[in-house]
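# Survey of secondary and tertiary structure
Okay, here's what each chain looks like letter by letter:
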Amino acid sequence: MAGTAQTETPPSESAPAKRPRRRAGLDPDVITLAAVELVDAEGAAALTTKALARKLEVTQPALYAHMENLAAIQRAVGLYGMRAMSEELRSAVLGRSGDEALRALAEAYRDYVRNYPDRFLVQCSAPPSPEYRAAGERAAEAVRAVLRSYGLDEDEVRLAHLSFRATIHGFAVLEVQSRSIGSAHDDAAFEYFLDRFAAGLQAGGGGTRRRSRK
């Protein structure tokens, strides 16, 4: 089969000088999905071209016929993750508003990170390509829609969005990095923030109204 008859020494993580022939049945989507599965099962550090080629039962040169190098594969995993997370957030708030939607949004974000902690870390380190930004914007649209359901004006929506995202994202990163996912202390802190943030939004702007400066 094309691509399996390569006899040269397997390349390093950087792309070889000469691109090998494409292997039938292998394409960027197949490689990306396998890379995502590898990260989810074994961790971000386990994603190497050697491990990925072994998982797909191909040679490393066969991978380079479709993906430039390991960095390109990591970028693809990050984009896959951002798109998946964005769709989960949008689904979580569908048909909801106010406190119910806010809590569903926050819990969906946290659940995603809990379920895919290493994929999430790869997402966080992915460069902001146009495709990545577009996927993130779909999630942002869902957040802004929830905040508008509290009757906020657009300035307040923008500021509340920044506050909410910074806290939820920061909380998720700390959980993943400390590997304390699911601890009672973290659960209590998460609930405390949601209760206080929702109460602030209900009171009129969540403390995010900008004071005019003379």
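Residues numbered from 1 in each chain as written. Predicted model: local features only at pLDDT ≥ 70, side-chain atom pairs only at ≥ 80, totals over all residues. Heavy atoms only, no water.

## Focus on the packing of helix α6 (residues 117–125) against helix α8 (residues 154–178)
The interhelical angle for the contact between α6 and α8, taken along N-to-C directions, is 125 degrees, at an axis separation of 10 Å. One element, α6, and the other, α8, form an angle in the oblique class. Judged by the twist between their axes, the crossing of α6 over α8 is left-handed. Contact residues: P117, F120, L121 and C124 in α6; H169, A172, V173 and V176 in α8. Among the residues forming the contact of α6 with α8, the class breakdown is seven nonpolar, one polar and no charged. (Axes fitted to C-alpha atoms, helices over the stretch in contact; angles between N-to-C directions. Helix = DSSP H or I, 4+ residues; strand = E, 2+ residues; numbered from the N terminus. Parallel < 35°, antiparallel > 145°, perpendicular 65-115°, else oblique. Left-handed = near helix turned anticlockwise from the far one by under 90°. Contact = heavy atoms within 4.5 Å. Nonpolar A, V, L, I, M, F, W, Y, C, P; charged D, E, K, R; others polar.)

## As for the packing of aromatic side chains
Taken as a whole, this structure holds six aromatic pairs when the rule is applied. Between the aromatic rings of F171 and F190, the centroid separation amounts to 5.3 Å while the plane-to-plane angle is 55 degrees, which identifies the pairing as tilted. Here F171 is found in helix α8, whereas its partner F190 is found in helix α9 (residues 184–204), with 19 residues between them in sequence. Exposure class is identical for F171 and F190. Each is buried. An aromatic cluster of three or more residues is present, and its members are F164, F193 and F197. The ring of F190 carries the charged tip of R110 above its face, separated from the ring centre by 4.6 Å. Taking the ring centre of Y116 as reference, the NZ or CZ of R119 above it sits at 3.8 Å. (Phe/Tyr/Trp six-rings, centres within 6.5 Å; stacked < 30°, edge-to-face > 60°. Buried < 20%, exposed > 50% of the residue type's maximum accessible area, 1.4 Å probe, protein only. Lys NZ or Arg CZ within 6 Å of the ring centre and 35° of its normal.)

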